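The residues making up each chain are set out below.
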Amino acid sequence: MNVDLTNMGKAAKDAAFQLAVTPTEQKNRALALIADELEANAATILAANQQDISKGKEAGLSDAMLDRLLLTEDRLSAIANDVRNVIMLNDPVGSEVDSKVLGNGMSLSRRRVPLGVIGVIYEARPNVTIDIAALCLKTGNASILRGGKETFASNMELVKVIQNALQKAELPAASVQYIEKPDRELVSQLLTLDEYVDMIIPRGGAGLHKMCKENSSIPVIIGGFGISHMYIDDTADLARSVAVVDNAKTQRPSACNSLDTLLIHESVAEQFCAQLIDAMGERVTFVADDSAVSLLQSAPRVRSAQDGDFDTEWLDYVLGVKVVTGVQAAIEHMRIHNASHSDAIMTNSLDNAEAFINSAGSAAVYVNASTRFTDGAQFGLGAEVAVSTQKLHARGPMGLEELTSYKWVGKANYLVRS
């Protein structure tokens, strides 16, 4: 199949112009139709997903990657319900912020507007196809999607659902387009389609983000990647902290907000490591530096840390462990090892909690809570289009407001500047 990205860009730009003035009710109707179509076509979607799973196993994908790729009836139902949740959220487009009246009588405000056309490049996550389509439609943005080869069959069926719903809702089919060839060359073309595309959002590993940042002539949202840390303070309730560590690491290890590195205060390290082995030792491989390896030697799976291990986003049942002298030493480790995503402290000290919050350079910081909460639905944003770890435009889960910009609106009575 020949893919003409220039024509896709033109069509997306035209669709975005129409979507920008589409009433909320019509956009919500399209979303409701997408949710209904997902459930009505569940058997076909799941059959396509099994094709992707089979090919993934043949290609030797890890269990964690296969879990990212997998759709089940429950997961598909949850995706449909996430779309319905977006319907219930307020449409930010057209809302006004910072209204004021100037001394010259002009009323001045900032009005939220769609970004325009958003290009999203992502890997083995078929749910992203629906998440992005839903959020972009709600905010009046057109989207051009490029999923990974691992999810090709699944995405083809999901895009059919979206296109069918758009047609029924009388919205342009080009509101959501999918690049149906996973050629790397097409990614490079998309990254330079600045005449038509207003923002690029990569969802994948560090390599994908680096490639987009270095090759795009379009603004890129950097996110998703980052080493997630948790520090166990000497004042923490250790038994309850073990449960939080377990959740952060094992609930869904393939997620970008799962725990990568555990930092433990030296005065509680021996006791805490023993509890850690009892709770998680059968499921997790511990990668321990010299300060922790002897404390974890009775674990079924433990090895000494090598160069680069504490810079690795594991996305698997692997956990880096290091003993530190206190909260400042934990912060120093995090500064060196890319703490930009989700990081947490377990503590009963208000001073240590505030020191951690103020010093951590992460998009999301937690006190006595799992890193797994960094998620658009968990934050009450509905589905998310990405988790941004940069500091311009948006940080953390990107929901509806983060997919808008604004224009200044001035209203007066035939006013002239003196």
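Note that the structure is a prediction, hence the values are computed from the model and not measured.

1. Observations concerning the layout of surface pockets
Then step 1. Estimated volume of the largest pocket: approximately 710 Å³.
Then step 2. Lining the largest pocket are 27 residues, and of these Asp82, Asn127, Arg252, Arg372 and Asp375 lie nearest its centre.
Then step 3. If you list the elements that add at least two residues to the lining of the largest pocket, you get helix H5 (73–88) and helix H6 (127–138).
Then step 4. Among the elements that line the lining of the largest pocket, the one with the most residues is H5, at 4 residues.
Then step 5. Class assignment for the residues of the lining of the largest pocket results in 9 nonpolar, 8 polar and 10 charged.
Then step 6. Both domains that furnish three or more residues to the lining of the largest pocket are identified here as domain 1 (5–222 + 395–411) and domain 2 (227–378).

2. With respect to the sheet that holds strand E7 (residues 229–232)
Then step 1. With parallel pairing, 7 strands are arranged side by side in an open sheet as E10-E9-E11-E8-E7-E12-E13. With partners counted over all chains shown, the strands left at the sheet margins are strand E10 (302–304) and strand E13 (364–367), one partner each. If you compare each strand with its neighbour and ignore which way they point, the axes differ by 20° on average.
Then step 2. Pairing geometry for strand E8 (residues 261–265) and strand E11 (residues 318–324), over 5 bridges, is parallel. Note that in E11 the partner of Leu262 across the bridge is Val321.
Then step 3. Against the sheet, helix H10 (residues 238–250) makes contact with E7, E8, E11 and strand E12 (342–346), and its axis sits at roughly 170° relative to E7, the strand it touches most.

3. Let's talk about the domain arrangement of the chain
Then step 1. Under the domain assignment, the chain is made up of domain 1 (5–222 + 395–411) and domain 2 (227–378).
Then step 2. Here domain 1 and domain 2 have C-alpha centroids that lie 33 Å from each other.
Then step 3. At the junction of the two partners, domain 1 supplies 8 residues and domain 2 supplies 12 residues.
Then step 4. For the pair domain 1 and domain 2, the summed buried area comes to about 850 Å², and 48% of that belongs to carbon and sulfur atoms.

4. Considering the pattern of salt bridges
Pairing is possible between side chains that carry opposite charge, provided their charged atoms lie close to one another.
Then step 1. A full pass over the atoms with the stated rule returns 15 salt bridges.
Then step 2. Here Lys168 makes a salt bridge to Glu37, at a shortest N to O gap of 2.7 Å. Here Lys168 is found in helix H7 (residues 152–168), whereas its partner Glu37 is found in helix H2 (residues 24–40), with 131 residues between them in sequence.
Then step 3. Between Glu214 and Lys210 there is a salt bridge, with its nearest N and O atoms 2.8 Å apart.

5. A word on the pairing of strand E9 (residues 285–288)
Then step 1. As judged from the 4 bridges shared by E9 and E11, these two strands associate in the parallel manner. Counterpart to Val287 in the pairing with E11 is Gly320.
Then step 2. Strand direction decides the pairing type here: E9 and E10, joined by 3 bridges, are parallel. Across the sheet, the residue bridging to Val287 is Arg303, located in E10.

6. A look at the packing of aromatic side chains
Then step 1. With the rule as written, the count across this model stands at 1 aromatic pair.
Then step 2. Aromatic pair Tyr406 and Trp408: ring centres 6.1 Å apart, planes at 90°, arrangement edge-to-face.
Then step 3. Classification of Trp408 by relative accessible area gives exposed; the value is 52%.
Then step 4. A cation over a ring is seen here: Arg110 above Tyr406, with NZ or CZ 4.6 Å from the ring centre.
Then step 5. One Lys or Arg, Arg110, reaches over the ring of Trp408 and ends 5.8 Å from the middle of that ring.

7. Some points on the nonpolar core
Then step 1. In this structure, Leu38, Ile201 and Leu403 are the most contacted members of the largest nonpolar core, which totals 75 residues.
Then step 2. The biggest single contributor to this core is H6, with 8 residues.
Then step 3. Filtering out sequence-adjacent residues up to four positions away, Leu403 remains in contact with Pro114, Leu115, Ile118, Leu135, Cys136, Thr139, Asn141, Ile201, Val385 and Met398.
Then step 4. Listed in part, the 32 residues of the second largest apolar core include Phe272, Ile277, Phe286 and Met346.

8. Concerning the environment of Pro397
Then step 1. Note on placement: Pro397 falls in strand E15 (residues 396–397).
Then step 2. Separated by 303 residues in the primary sequence, Pro397 and Gly94 have C-alpha atoms spaced 22 Å apart.
Then step 3. Dropping the residues within four chain positions of it, Pro397 is found in contact with Thr374, Asp375, Gly376, Phe379, Leu381, Glu384, Ala386, Val387 and Glu402.

9. Let's talk about the packing of H6 against H7
Then step 1. Packing of H6 against H7 leaves a shortest axis separation of 10 Å and a crossing angle of 25°. With respect to each other, H6 and H7 are oriented roughly parallel. For the pair H6 and H7, the sense of crossing is right-handed. Across the interface between the two elements, Thr129, Ile130, Ala133 and Leu137 of H6 pack against Asn155, Leu158, Val159, Ile162 and Leu166 of H7.
Then step 2. Classifying every residue of the contact of H6 with H7 gives 7 nonpolar, 2 polar and no charged.

10. With respect to the sheet that holds strand E16 (residues 404–411)
Then step 1. Read from one edge to the other, the open sheet built from 3 strands follows the order E1-E2-E16, with strand pairing classed as antiparallel. Both edges of this open sheet fall to strand E1 (96–101) and E16, since each of them pairs with a single strand only. Taking each pair of neighbouring strands and ignoring which way they run, the sheet shows an average axis angle of 20°.
Then step 2. Note that strand E2 (residues 107–114) and E16 share 8 bridges and pair antiparallel.

11. Quick look at the packing of H2 against H5
Then step 1. Close contact between H2 and H5 brings their axes to 9 Å; oriented N to C, the two are set at 170°. By the angle between their axes, H2 is roughly antiparallel relative to H5. The residues of H5 that touch H2, namely those facing Asn28, Leu31, Ala32, Ile34, Ala35, Asp36, Leu38 and Glu39, are Leu76, Ser77, Ile79, Ala80, Val83, Arg84, Val86 and Ile87.
Then step 2. Of the residues assigned to the contact of H2 with H5, the class counts are 11 nonpolar, 2 polar and 3 charged.

Scoring rules and cut-offs
- Residues numbered from 1 in each chain as written.
- Predicted model: local features only at pLDDT ≥ 70, side-chain atom pairs only at ≥ 80, totals over all residues.
- Heavy atoms only, no water.
- 1 Å grid on protein atoms, 1.4 Å probe; cavity = no way out; pocket = protein on both sides within 12 Å on 5 of 7 lines; lining within 4 Å.
- Points joined across faces, edges and corners; volume = space filled by probe spheres on them.
- Helix = DSSP H or I, 4+ residues; strand = E, 2+ residues; numbered from the N terminus.
- Nonpolar A, V, L, I, M, F, W, Y, C, P; charged D, E, K, R; others polar.
- Domains from an automatic or database assignment.
- Pairing = 2+ DSSP bridges.
- Axes fitted to C-alpha atoms, helices over the stretch in contact; angles between N-to-C directions.
- Contact = heavy atoms within 4.5 Å.
- Buried area = accessible area lost by both parts, 1.4 Å probe.
- Salt bridge = Lys/Arg side-chain N within 4 Å of Asp/Glu carboxyl O.
- Phe/Tyr/Trp six-rings, centres within 6.5 Å; stacked < 30°, edge-to-face > 60°.
- Buried < 20%, exposed > 50% of the residue type's maximum accessible area, 1.4 Å probe, protein only.
- Lys NZ or Arg CZ within 6 Å of the ring centre and 35° of its normal.
- Core = buried A, V, L, I, M, F, W, Y, C linked by side-chain atoms within 4.5 Å.
- Parallel < 35°, antiparallel > 145°, perpendicular 65-115°, else oblique.
- Left-handed = near helix turned anticlockwise from the far one by under 90°.

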